[in-house]
Every structure is written in structure tokens, then in C-alpha cells.
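As a plain string of letters, each chain reads:
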Amino acid sequence: MQFENSRTFAQQLDAKDPLAKYRNEFIFPQINNKDAIYFTGNSLGLQPRSAQNYVNDIMSDWGNFAVEGHFQAEKPWWDYHERFAEQLSKVVGAKPKEVTVMNTLTVNLHLMMVSFYRPTKKRYKIICEEKAFPSDQYMISSQVRFHGFDPEDAIVELKKRDGEHNFRTEDILAKIEEVGEECALVLIGGVNYYTGQVFDMKTITEAGHKVGAFVGWDLAHAAGNIKLELHDWDVDFAAWCSYKYMNSGPGSASGCFVNEKYHNQKDIPRFEGWWGHNKDRRFLMEPEFQPEDGANAWQISNAPVLALAPYLASLQMFDEVGMDALIEKRNKIVAYLEFILHEIDKEVDSTFEVITPANQEERGTQLSVFLHGEGKELFNYLMQNGVIPDWREPNVIRLAPAPFYCSYEDMYEFGQILKRGILEK
Ligand SMILES: Cc1ncc(COP(=O)(O)O)c(C=O)c1O
């Protein structure tokens, strides 16, 4: 499609956008008495208007029923978490019983390591990407040390080639083959948090399995953003937070995928708790653990229903719209943003560099822009003038126009603000 850098053109795109009506379903922060141009759905998604009602329902049920709310509430609390599986499995491409919601992301990754990182003297290495999200680095390093290995030796980092911003699949495959039978686990962020690069999860999962390793994915930046087919790709496990593209509120619960081939497998260890116990017998308080069917067996504590409520509200919208429609708009709005960036770059003779892959298959909603010579001052200008992007050292702003609530006119308006910011500097 031939884009134009004009308000009229952007408004025409909005008029034809089948998802445009969803913008009103979200609450926007106000800057200078206007809805902010919100680019940080990859960090904390906006609040769906319906979330408040879902939370209020629980507060009312708590007031009205107190402990009986576990069974008497409109959405009883004792199996509240089970309401997610059907809808969430469509978002991540899984069977409903392979999906559960519990805890928070890093906690779930640790729990998945209990099941899928069981190093031996011969097979103990973990392959991950260099400069992975810090929490993942700490998690992996502490797991390795917990098992008595040296992180320097046991953690193998995938590298980018000199002068390149993104990982090459061929290099990842070569590294997996090289580590070979020493490789216990491949664990990578499905979408790189810094550059927005989408990894070829199917091919990498296959390669990991070929050398006899487990393969897991941190999907913090992937869930609700890109097409996932976790079951068909034969992924072993995955976990994601829900507060980014899934709009479920700060610190809300994490989702977890455990491939059905490991359900009820006695040689896969697990940390257990009463919410993973056979739900029909949960309140009989029996001493012997009887696992629930599927990923729910990995549940530990009773469900944090107040944190889950906004997630359920948001999931309702995902179900209504579907990932395919979201991805269709995502591709178009990201392409429009990229076009606007290039246009402004030409107009003001600046030197932005989009470091996210140009190929649509290798990116989702996020564009990471390297601001050669511009820097924090420009970022601050954007913040003061109605835009909420995100800053990453040393010189990158991340822009993620979430298709649920961002408009094409936002992209045009952003371009104008950016131009003024550069010219005024
Ligand atoms: C890629 C990635 N991994 C892990 C985390 C940590 O998530 P949590 O604090 O919910 O454990 C984040 C948080 O932003 C993230 O982006």
C-alpha cells in the first residue's frame, strides 16, 4: 500500500479500520488534556474499561459472601483460574489443558526449570540469547548455581554478528548443534525485548530437540502480539506475563504452557501445592498429592482472583477480536509508523535507524529506533508533548503501537511532534 504522511490519509485509514471501535474500550493517560499517544503497550498495556467491573464483582462477592465466595460468587474463586484456558489457548496456539495462569513470570520460569532443567554431568548447558532480559539472566544463572554448576561454563550465550542488530537463525542453529549433547535446555525470549526481533520458534525448537535438549520460551513480548503455535511447534514449555500486550494490569498473573506430552509423566518432577491437586478432592485435605489433569497440575497456591480479574476482562476482548485480526492491523500500523519515521528522517535530515528487522515475519508490534546523536533530550521532549514511548540505554526508543487501541492518526501526530522536537533542539 502507498502511504502518505498526512492527517487526512491517516484519518482515512482509521475510518476503514475494523478495530477502531476498540480504542474507546481503553482508558488513556492524559497529557496536556489529551489522550496520550501510547507506545508502551509492550511494557504495560492500557486498562480495558471493563476491568473495573470484573474487579468490583470480586470485591462485592467478598463483601457479600466472605469465605463462601469460593463457591457462591458469581464466578467462584476456587476454580477462577480455569476460566482462562479455553480463550488463552487460542492466543498462544495450544490445547486448553496445556495452558494455565498462576504466579508471575519469573516465578513460573523458575518452576518450569524444576521440571525441565535437570542437568547431569554430561548434559548441563543452557543456551540463551546474549543480553536476555535481566530477570531471565538472573533466573538462569541462579538455577545453574543451584545445581552446582558454574554459569561461566554452563550458560552459552547466542551472539549477534559484529555490526548487526539481530540474531541470525543459521547462527542459532549452528550453536545448538555445536553444544550438542551437552545442551540440556534452550531458553530464549520469543520476541527480543530490546529490538523486537521475533525468533523462528518452530525451527529453533526442532533443532533443540534434535540434540536431545528441552526447549522453552519466555513469551513476555510475544503473547497477544504475534501468532503463536506452541502445540504444533512442539514447544516443551513457555511462560509469559499478561501486563504487556495482554492488558491485564501491573504485576498481574503469568500464563504458562506445558506440552501435553509431559502431563502425568512421573519422571517429570514438579514443585507441588494444593491448587494443583485433583480439584474434586482438594478440600478433603488428603496427605497424598493427586495431580490435576494438564498444566493445572503445576498450580501451587489458591488463585489471586483480584489480580486475575482484569486479565479475564481483557481476554474477553481478545476472544472477540481474535489474533488474526489483531495481527492484520498490527502489520499495517507498524508499517505506517515505519513509513512516518523514514519521512520525518528525510525531512529533518536526521539519522534514525530502525534496528528491528524490516521483514514482517521477524517482527511484531515493536519498532526499536536507534537515535544516532539525538538521545534522551528528544525522548524527554516527546514525553512532555503527548507521547509515551520507552527509553532503553544507550540510545534507543521503543515504539509499540498496540493494534487494540492505537490509531493511524496517532502515528501521523507522533511524526509531527518528533519533527518539532528535532527542529527545536
Ligand atoms: C522478557 C521478559 N522476561 C521477564 C520479565 C520479568 O517479568 P516479571 O517481573 O513479571 O517476573 C520481563 C518483564 O518485563 C520481560 O520483559
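Criteria and thresholds
Residues numbered from 1 in each chain as written. Predicted model: local features only at pLDDT ≥ 70, side-chain atom pairs only at ≥ 80, totals over all residues. Heavy atoms only, no water. Pairing = 2+ DSSP bridges. Helix = DSSP H or I, 4+ residues; strand = E, 2+ residues; numbered from the N terminus. Axes fitted to C-alpha atoms, helices over the stretch in contact; angles between N-to-C directions. Disulfide = S-S within 2.5 Å. Contact = heavy atoms within 4.5 Å. Domains from an automatic or database assignment. Buried area = accessible area lost by both parts, 1.4 Å probe. Salt bridge = Lys/Arg side-chain N within 4 Å of Asp/Glu carboxyl O. Polar contact = N/O pair within 3.5 Å; in protein donor to acceptor, adjacent residues only side chain to side chain. Nonpolar A, V, L, I, M, F, W, Y, C, P; charged D, E, K, R; others polar. Phe/Tyr/Trp six-rings, centres within 6.5 Å; stacked < 30°, edge-to-face > 60°. Buried < 20%, exposed > 50% of the residue type's maximum accessible area, 1.4 Å probe, protein only. Lys NZ or Arg CZ within 6 Å of the ring centre and 35° of its normal. Right-handed = clockwise from strand over helix to strand, strands pointing away.

Trainee: Sorry if this is basic, but what is going on with the sheet that holds strand E6 (residues 99-102) here?
Mentor: Strand pairing in a sheet relies on backbone hydrogen bonds, with the paired strands running either antiparallel or parallel. Taken in spatial order, the 7 strands make up an open sheet running E6-E12-E11-E10-E9-E7-E8, and their pairing is mixed. Either end of the sheet is taken by a strand with one partner, and the two such strands are E6 and strand E8 (155-158). If you compare each strand with its neighbour and ignore which way they point, the axes differ by 20° on average.

Trainee: What exactly am I supposed to notice about the state of the cysteines here?
Mentor: Such a bond, covalent and formed between the sulfur atoms of two cysteines, is termed a disulfide. The tally for this structure, following the rule as stated, stands at 0 disulfides. Of all cysteine sulfurs in the structure, the one in cysteine 128 sits closest to cysteine 183, which takes part in no disulfide; the separation is 10 Å. For the unlinked cysteine cysteine 256, the closest cysteine sulfur is that of cysteine 241, found at 12 Å.

Trainee: Explanation requested: the side chain of glutamine 299 in the structure shown.
Mentor: If you trace the backbone, glutamine 299 turns up in the loop between strand E12 (254-258) and helix H10 (305-321). Look past the residues within four positions of glutamine 299 in its chain and what remains in contact with it is His81, Thr100, Val101, Met102, Gly273, Trp275 and Gly276.

Trainee: Got a minute to help me understand the domain arrangement of the protein in this structure?
Mentor: For the protein, the domain assignment lists domain 1 (7-42 + 322-423) and domain 2 (53-321). In this structure, domain 1 and domain 2 have C-alpha centres spaced 29 Å apart. Between domain 1 and domain 2, the contact holds 32 residues from the first and 23 residues from the second. Summing the contributions of domain 1 and of domain 2, the shared interface buries around 2,400 Å²; its carbon and sulfur component is 56%. There are 1 salt bridge connecting domain 1 and domain 2. In this structure, the salt-bridge partner of lysine 227 is aspartate 324, at a minimum N-O distance of 3.1 Å. Along the contact surface separating domain 1 from domain 2 lie 16 residue pairs in polar contact (both at pLDDT 80 or more). At the level of elements, helix H11 (323-347) and strand E17 (396-399) are the ones that each hand at least two residues to the side of domain 1 that touches domain 2. Considering every element that reaches the side of domain 1 that touches domain 2, the biggest residue donor is H11, with 6 residues. In the side of domain 1 that touches domain 2, the residues fall into 14 nonpolar, 8 polar and 10 charged.

Trainee: Looking at this structure, I do not really get the packing of aromatic side chains. What am I missing?
Mentor: Between two aromatic rings, the relevant description is the distance of the centres plus the angle of the planes. Tallying each qualifying case throughout the model produces 29 aromatic pairs. Consider the rings of phenylalanine 3 and phenylalanine 9, whose centres lie 6.3 Å apart with planes at 80°: the pair is edge-to-face. Summarising the burial analysis for this pair, phenylalanine 3 and phenylalanine 9 share the class buried. Residues phenylalanine 116 and phenylalanine 237 carry aromatic rings whose centres are separated by 5.0 Å and whose planes lie at 15° to one another, so their mutual orientation is stacked. Note that phenylalanine 116 is positioned in helix H5 (residues 105-116) and phenylalanine 237 in strand E11 (residues 237-240), a separation of 121 residues in sequence. There is no split in this pair, since phenylalanine 116 and phenylalanine 237 are both buried. What links up through ring pairs into an aromatic cluster is the set Tyr22, Phe26, Phe28, Tyr38, Phe318, Phe404 and Tyr405. Taking NZ or CZ as reference, lysine 75 lies 4.6 Å from the ring centre of tyrosine 54, over its face. Taking the ring centre of tryptophan 298 as reference, the NZ or CZ of arginine 270 above it sits at 4.8 Å.

Trainee: Would you take a moment to explain the environment of histidine 81 for this structure?
Mentor: Looking at the secondary structure, you find histidine 81 in the loop between helix H3 (69-72) and helix H4 (85-92). Taking relative accessible area as the criterion, histidine 81 reaches 2% and is therefore assigned buried. Distance in space between the C-alpha atoms of histidine 81 and methionine 139 is 25 Å, their sequence separation being 58 residues. Sequence-distant contacts of histidine 81, that is, excluding residues within four places in its chain, are made with Thr100, Val101, Trp275, Asn296, Gln299, Ala303 and Leu308.

Trainee: Looking at this model, I keep getting lost on the pairing of strand E10 (residues 214-218). Mind explaining?
Mentor: The side chains of a regular strand alternate, first on one face of the sheet and then on the other. Most of E10 sits out of view: 5 of its 5 residues are buried. Because side chains alternate across E10, one face comprises the buried residues Phe214, Gly216 and Asp218, and the other comprises Val215 and Trp217, equally buried. Pairing of strand E9 (residues 183-189) with E10, which is carried by 5 bridges, proceeds in the parallel orientation. If you follow glycine 189 over to E10, its bridge partner there is aspartate 218. You can see the chain leave E9, run along helix H9 (residues 201-210) and come back into E10, and the turn it takes is right-handed. Across 3 bridges, E10 lies against E11 in parallel orientation. Of the residues in E11, the one forming a bridge with glycine 216 is phenylalanine 237.

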